[in-house]
Amino acid sequence: MTAAAKQHAADVVAAWSDRLVGLSHRIHAHPEPAFEETRASAWVAEALAAAGFEVEHGCYELPTAVRATAGTGPLHIAICAEYDALPGIGHACGHNIIAAAAVGAGAALAGLADDLGLTVTVLGTPAEEGGGGKILMLERGAFAGMDAAMMVHPAAVEMAAMPGSAVAQFEVSYRGKPAHAGAYPELGVNAADAMTVAQVAVGLLRQQTSGDDRIAGIVTEAGTAPNVIPDASRGRWIVRSSTMAGLAELKPRVLRCFEAGAVATGCDLATTPISLDYADLRPDAAMLKLYRANAEALGRVFPDLSGGSPAGAATDMGNVSHAVPTIHPMLGLDCLPAVNHQPEFTAACVTQAADRAVLDGATAMAWTAIDLARA
């Protein structure tokens, strides 16, 4: 039964290949940022309905979330689709590939689900790049009763498991007092200086953080004219650690750096979360072994990364992995030196290698679900 089921799944993906690649290219050509994925989520919902799924579009209090279910078996598997883009550089993380592969895996499993004892749910999850759509959906019951969750993600090279960090994102703003910078500087309270003090403090803090910790930020506002003491400054910051425990220790230390800017200058400080905190990714070893064997059977090659793999990436799939056995393998696009979140990677996500990744990712996930059903 397993071999026949896998052949059926592969045949469905092959039959759907033009539609899946077309979906990937269409999402890529119309990038939509977090929580604004109106067209992409509708296209995903439409394709899943055509595959025989019962589809709900706009669920869990999120207008661009999708839930599509096929089968009524006791083993409940979630396949996650992402489709948000990065502001300014479009699909530089390849979520168009993720969405199309998830639809393909769902289509491959829809006609097999009941015979395999499966319930298959494809979840369209908005705002992975900032906003934590999966976290909101997890908190609102989207993964309740799930036995496993999976998705695939493009990268420069093939990886069985992404080293996902825990992440906090927040906006910092200072409020001071304006004054003429030449005539009456003593009357001003300089909000730009407060941000400078904080940045220096963060830079010094980096000497005392662990090797996997990352602190990064940008200043988005720091005055409007050089002859006016800036009364407002603003920035966006990301704090990363290898675990949630590490993040819980590091984040307050970073926030104290911004408090130092306020104390040193007399400015008022406000910090506002940009997103819910992302947890570190904990892939399920047994499911990952099944996926890797299936991917290799399709000709995917996993290079030796014993010398180190990229650290610091993060995903809201990490939060899911703390609640449900989860995998998040990476599909190599053979595009080095281009890597995720670069314009060159945006271009790589509609190449022939990217199209193959859509079809291989769909098939490998479907085969992994079949293996889980027969375990």
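Draft legend 1. Summary view of the sheet that holds strand 7 (residues 166–175). A sheet is described by the order of its strands in space; here four strands give the open sequence 8-9-7-10, paired in antiparallel fashion. Each having just a single partner strand, strand 8 (214–221) and strand 10 (268–273) make up the two edges of the open sheet. For this sheet, the mean inter-axis angle between neighbouring strands, taken without regard to orientation, is 20 degrees. The pairing of strand 8 with strand 9 (residues 232–241) spans seven bridges and is antiparallel. Counted as the bridge partner of Arg214 is Arg240 from strand 9. Its contacts with the sheet put helix 7 (residues 191–205) on strand 7, strand 8 and strand 9, and the angle it makes with strand 9 is roughly 15 degrees.

Draft legend 2. Expanded view of the pattern of salt bridges. Using the criterion set out here, one finds 13 salt bridges in the structure. When the shortest N-O distance is used, the salt bridge between Lys134 and Glu82 registers 2.5 Å. Of this pair, Lys134 sits in helix 6 (residues 133–139) while Glu82 is found in strand 3 (residues 75–82), placing the two residues 52 residues apart along the sequence. Given a relative accessible area of 0%, Lys134 falls into the buried group. Each of Glu158, Arg300, Arg356 and Asp360 takes part in salt bridges that share partners, so that together they form one network.

Draft legend 3. How the structure looks around the packing of aromatic side chains. Applying the stated criterion across every chain, the model contains two aromatic pairs. Centre to centre, the rings of Phe170 and Phe258 are 6.1 Å apart; their planes meet at 90 degrees, and the pair counts as edge-to-face. Taken together, the positions of Phe170 in strand 7 and Phe258 in helix 8 (residues 244–265) put the pair 88 residues apart, joining distant regions of the chain. An identical accessibility class is assigned to Phe170 and Phe258; each is buried. Measuring from ring centre to ring centre gives 5.2 Å for Trp237 and Phe258, while their planes differ by 70 degrees; the resulting arrangement is edge-to-face. One end of the pair, Trp237, is in strand 9; the other, Phe258, is in helix 8, with 21 residues separating them in the sequence. With relative accessibility at 0%, the residue Phe258 sits in the buried group. An aromatic cluster of at least three residues, connected via ring pairs, comprises Phe170, Trp237 and Phe258.

Draft legend 4. Focus on unusual backbone geometry. Residues Leu336 and Pro337 are joined by a peptide bond in cis, for which omega reads 10 degrees. Note that Pro337 resides in the loop between strand 12 (330–332) and helix 11 (343–348). Residue His341 is not a glycine yet carries a positive backbone phi of 70 degrees. In this fold, His341 is placed in the loop between strand 12 and helix 11. Taking relative accessible area as the criterion, His341 reaches 40% and is therefore assigned partly exposed.

Draft legend 5. Just the sheet that holds strand 4 (residues 118–125), in detail. Pairing within the open sheet is mixed, and its six strands lie in the order 1-2-4-3-5-11. Edge positions in the sheet fall to strand 1 (54–59) and strand 11 (326–327), since each has one partner strand and no second. Sheet topology places strand 5 (residues 148–150) next to strand 11; two bridges connect them, and they run parallel. Looking at the pairing, Met150 lines up with Ile327 of strand 11.

Draft legend 6. Local environment of the pairing of strand 1. Looking at chain direction, strand 1 and strand 2 (residues 62–70) are connected through five bridges and run antiparallel. Considered in strand 2, the bridge of Glu56 is made with Arg67.

Cut-offs and rules
Residues numbered from 1 in each chain as written. Predicted model: local features only at pLDDT ≥ 70, side-chain atom pairs only at ≥ 80, totals over all residues. Heavy atoms only, no water. Pairing = 2+ DSSP bridges. Helix = DSSP H or I, 4+ residues; strand = E, 2+ residues; numbered from the N terminus. Axes fitted to C-alpha atoms, helices over the stretch in contact; angles between N-to-C directions. Contact = heavy atoms within 4.5 Å. Salt bridge = Lys/Arg side-chain N within 4 Å of Asp/Glu carboxyl O. Buried < 20%, exposed > 50% of the residue type's maximum accessible area, 1.4 Å probe, protein only. Phe/Tyr/Trp six-rings, centres within 6.5 Å; stacked < 30°, edge-to-face > 60°.

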